[in-house]
Protein chains: 2
Amino acid sequence: MQTVGEVGERAMIALFTAAAAERSDNADDVVIGSGDDAAVLAAGGPVVVSTDTAVAGRHFRFDWSAPEQIGARAVVQSAADIAAMGGALTGLVVSIGCPPATPVDRVLALNEGMVRQTHRLGGRVLGGDLVSAPVVVLTVTSLGSLADLAPVTLSGARAGDVLAVSGPLGGAAAGLAVLSAIEHGADPGLAHRFSALVDRYRLPQPDLTQGPIAARAGAHAMTDVSDGLVEEITTMAGASGLAVDVDSAAVPRPDGLDALAAELGVDPVRWALSGGEDHELLATFAPGDVPPGWTVIGAVGDAGGGPTVDAQPVGDLHGWQSFSET
Amino acid sequence: MQTVGEVGERAMIALFTAAAAERSDNADDVVIGSGDDAAVLAAGGPVVVSTDTAVAGRHFRFDWSAPEQIGARAVVQSAADIAAMGGALTGLVVSIGCPPATPVDRVLALNEGMVRQTHRLGGRVLGGDLVSAPVVVLTVTSLGSLADLAPVTLSGARAGDVLAVSGPLGGAAAGLAVLSAIEHGADPGLAHRFSALVDRYRLPQPDLTQGPIAARAGAHAMTDVSDGLVEEITTMAGASGLAVDVDSAAVPRPDGLDALAAELGVDPVRWALSGGEDHELLATFAPGDVPPGWTVIGAVGDAGGGPTVDAQPVGDLHGWQSFSET
């Protein structure tokens with residue numbers, strides 16, 4: 001099996017360029033694609049930009065996910081930040097760091113996952129970089145367009161708004177709990193019985209078209225649930241200076257989550273409140289403006305109230321941070 | 001001394017956001033700056049985008065450069081790719097990976113170097129990400145504008161063009177050789193006597209405004225010298241299918257380089273031909289179109305000729321690749 005070190009940087013980049021180019025036939029907005037010093041993207045208005053890094057052993061594990069899933073997930077994580085402003089993904093650039101001993105096939109599979117997911121979301125892979133690093137590190141920088149919409153910020157919530165979410169929460173955390181339980185001795189059959197939850201961890205598939213839909217519906221504030229619902233309402237409450245309360249029973253949970261929680265002896269609501277990496281969209285709207293398919297899970301209250309769950313302080317329900325010990 | 005792990009991701013990002021925001025007062029084109037899910041940048045036309053990653057121990061060393069220099073250099077490396085298309089830097093996003101035990105002051109200094117260098121180049125830091133990683137990893141994704149210019153590609157060289165460079169080459173390689181020689185027992189005073197060359201390694205300062213100037217002057221092909229002159233002409237010759245010959249004696253070398261080469265017993269021309277990371281711009285022009293300040297160092301010849309130096313095959317003069325053993 002050939003390694004990246006044996007094949008070399010330039011040959012690898014030529015393979016990436018070919019993989020990106022063969023799918024960009026009908027991308028009118030790509031003026032210069034992958035393979036030059038920089039790419040050039042046509043822009044009809046403001047450009048939304050966000051960058052996100054995932055590190056092997058910290059954000060993903062090759063024994064827990066296929067490389068295609070790891071690549072696709074890195075794209076979803078970055079693209080969700082574009083959607084959270086009300087933007088639509090147009091293109092992205094990718095940096096891959098990996099040890100020289102990494103099999104070429106693994107890196108090509110990572111890249112394939114990124115290219116496919118980018119196309120699925122309506123964008124194009126515009127270019128990238130490949131460097132030697134002690135572990136696999138993926139950085140995805142996404143670009144998006146707003147069309148004629150104003151960007152929806154973190155800080156725009158208004159007293160009297162309702163809080164709504166675009167899909168179920170807690171699935172990624174539950175899927176991770178399955179893999180972790182098996183590693184600690186649980187029956188490996190658990191991963192088969194709860195495969196839909198494990199898939200939600202391996203590759204969350206939020207409907208990111210809901211970002212522009214929410215913006216068009218008049219969302220006042222929006223973010224994506226990357227670090228857990230309680231963490232996100234804490235940020236929203238802080239940015240707006242308002243109270244943000246979640247009705248914990250109203251938060252949608254994916255199929256199978258309650259059954260798994262019963263089996264593992266944990267509280268399913270806690271996964272929904274604190275679990276990160278679902279990347280569903282969380283927004284506040286005037287009460288009549290919530291788009292179809294969204295679920296109202298709380299309300300925005302008066303100034304200075306801060307974040308609460310069921311009208312109680314959030315306590316230890318904070319979610320995941322990159323440097324936390326958990 | 002506080003560490004990043006003690007302070008946590010959110011507190012660190014708040015410090016970065018503050019550092020970026022205080023310098024963005026008069027940036028009319030930044031619609032939404034650092035601190036939200038994504039930034040929003042006004043764009044009047046095509047957007048140029050490129051990403052570049054630098055890894056501690058591979059691309060820089062904290063015992064060889066100050067963190068401010070390491071941060072600034074990562075910005076120069078990425079921004080040079082924008083200039084190489086004829087673009088002007090407008091903004092960039094930054095991802096910093098670091099071990100939890102990294103001192104906060106070191107990461108703030110890295111960030112300070114990036115913010116300052118970005119402003120020096122006329123752009124703004126639009127946002128970023130901070131993650132836990134086994135070593136420090138910096139990924140800079142730069143955005144630029146072309147105004148009314150067409151992008152200058154790698155492949156546009158024409159037979160009969162002259163090849164020209166925007167500044168001296170070999171200085172970064174020579175500076176690195178000084179630090180390496182001292183590590184292998186040479187007199188530490190060498191770094192003082194050749195401090196200008198060491199500075200060229202620590203923080204190359206090419207005049208990136210020459211990118212748009214070259215584009216306006218009618219450059220047919222352009223790149224930046226990141227991997228060494230011979231490597232770049234090999235890429236240009238391959239992309240255009242033409243011969244590209246360098247007159248080695250014509251390649252400008254920085255002050256002190258010949259004296260250092262004599263002292264270390266090496267060939268100064270080799271540094272100029274093979275040394276990477278100077279990030280000067282390399283372009284081909286119709287003979288009458290070379291802008292002031294550029295130096296003609298070669299010519300573009302007929303189809304199929306490939307890259308040559310002094311009309312000879314380039315042999316072992318190829319430069320640096322991320323996965324090479326050197």
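These numbers were taken from a predicted model, which means no experiment stands behind them.

Draft legend 1. A look at the relation of the copies chain A and chain B. Relative to chain B, chain A is turned by 180° and slid 0.0 Å along the rotation axis, the superposed coordinates differing by an RMSD of 0.0 Å. Those values place the two copies in the arrangement expected of a two-fold rotation axis. A high fraction, 100%, of the interface residues of chain A reappear at the interface in chain B, so the copies pair face to face through one surface.

Draft legend 2. Inspection of the interface of chain A and chain B at higher detail. The partner chain B presents 64 residues to the 64 residues of chain A that form the contact. Here chain A meets chain B over a buried area of about 4900 Å², counting both sides, of which 61% is carbon and sulfur. On the surface where chain A and chain B come into contact, there are four salt bridges. Across the pair B:Glu231 and A:Arg10 runs a salt bridge, and its minimum N-O distance is 3.0 Å. Inspection of the chain A/chain B interface yields 21 residue pairs in polar contact (both at pLDDT 80 or more). The leading source of residues in the side of chain A that touches chain B is strand E3 (residues 47-55) of chain A, at eight residues. Its residues assigned to classes, the side of chain A that touches chain B comprises 35 nonpolar, 18 polar and 11 charged. Looking at chain direction, E3(A) and strand E2 (residues 39-41) of chain B are connected through three bridges and run antiparallel. In the strand pairing of E2(B), A:Val47 is matched with B:Leu41.

Draft legend 3. Molecular detail of the pattern of salt bridges. In total, this model carries 18 salt bridges over all chains according to the counting rule given. When the shortest N-O distance is used, the salt bridge between B:Arg216 and B:Asp148 registers 3.6 Å. Here B:Arg216 is found in helix H8 (residues 210-217), whereas its partner B:Asp148 is found in the loop between strand E6 (137-145) and strand E7 (162-165), with 68 residues between them in sequence. The pair formed by B:Arg216 and B:Asp148 is uniform in burial state, with each residue classed as exposed. Through salt bridges with shared partners, a single network forms among A:Arg10, B:Asp227 and B:Glu231.

Draft legend 4. Geometry of the UniProt feature "domain: PurM-like C-terminal" (unreviewed entry) in chain A. As recorded in UniProt, the feature "domain: PurM-like C-terminal" (unreviewed entry) lies at residues 158-260 of chain A. Segment residues 158-260 of chain A splits into 49% helix and 13% strand. End C-alpha atoms: 37 Å apart.

Draft legend 5. Layout of the domain arrangement of chain A. Residues and elements named next belong to chain A. Domain boundaries assigned for chain A yield domain 1 (4-145) and domain 2 (162-313). Taking only C-alpha atoms into account, the centre of domain 1 sits 26 Å from that of domain 2. Contact with domain 1, which involves 23 residues of that partner, is made by 19 residues of domain 2. With both chains or domains summed, domain 1 and domain 2 bury close to 1700 Å², and 59% of this area falls on carbon and sulfur atoms. Sorting the residues of domain 1 by area buried against domain 2 places Trp64, Arg73 and Ala84 first, and these three jointly supply 36% of that buried surface. Where domain 1 packs against domain 2, one counts two salt bridges. A salt bridge links Arg73 to Glu277, with the nearest nitrogen and oxygen atoms 2.9 Å apart. The tally of links from domain 1 across to domain 2 stands at four residue pairs in polar contact (both at pLDDT 80 or more). Those elements that provide at least two residues to the side of domain 1 that touches domain 2 are helix H3 (67-83) and helix H4 (104-120). When residues of the side of domain 1 that touches domain 2 are assigned to their parent elements, the largest contribution, nine residues, is made by H3.

Draft legend 6. The packing of helix H3 (residues 67-83) of chain B against helix H4 (residues 104-120) of chain B, seen in detail. Residues and elements named next belong to chain B. Relative orientation of the contacting elements H3 and H4 amounts to 40°, with a least axis distance of 7 Å. What the angle tells us is that H3 and H4 run oblique. Where H3 crosses over H4, the handedness of that crossing is right-handed. Packed against H3, whose contacting residues are Pro67, Glu68, Ile70, Gly71, Ala72, Val75 and Val76, the element H4 presents Arg106, Ala109, Leu110, Gly113, Met114, Gln117 and Thr118 at the interface.

Draft legend 7. Geometry of the UniProt feature "binding site: Mg(2+) 1" (unreviewed entry) in chain A. According to UniProt, the feature "binding site: Mg(2+) 1" (unreviewed entry) maps to A:Thr51, A:Asp52 and A:Asp129 in the numbering used here. Summarising the element assignment, A:Thr51 is placed in strand E3. Once you skip the residues sitting within four places of it in the chain, A:Thr51 turns out to touch A:Thr139, A:Val140, A:Thr141, B:Val93, B:Val94, B:Ser95, B:Gly128 and B:Asp129. At 2.9 Å, the side chain of A:Thr51 and the side chain of A:Thr141 are in polar contact.

Criteria and cut-off values
- Residues numbered from 1 in each chain as written.
- Chains lettered and ligands numbered in written order.
- Predicted model: local features only at pLDDT ≥ 70, side-chain atom pairs only at ≥ 80, totals over all residues.
- Heavy atoms only, no water.
- Least-squares fit on C-alpha atoms with pLDDT ≥ 70 in both.
- Contact = heavy atoms within 4.5 Å.
- Buried area = accessible area lost by both parts, 1.4 Å probe.
- Salt bridge = Lys/Arg side-chain N within 4 Å of Asp/Glu carboxyl O.
- Polar contact = N/O pair within 3.5 Å; in protein donor to acceptor, adjacent residues only side chain to side chain.
- Helix = DSSP H or I, 4+ residues; strand = E, 2+ residues; numbered from the N terminus.
- Nonpolar A, V, L, I, M, F, W, Y, C, P; charged D, E, K, R; others polar.
- Pairing = 2+ DSSP bridges.
- Buried < 20%, exposed > 50% of the residue type's maximum accessible area, 1.4 Å probe, protein only.
- UniProt positions renumbered as here; feature names shortened; annotations may be inferred.
- Domains from an automatic or database assignment.
- Axes fitted to C-alpha atoms, helices over the stretch in contact; angles between N-to-C directions.
- Parallel < 35°, antiparallel > 145°, perpendicular 65-115°, else oblique.
- Left-handed = near helix turned anticlockwise from the far one by under 90°.

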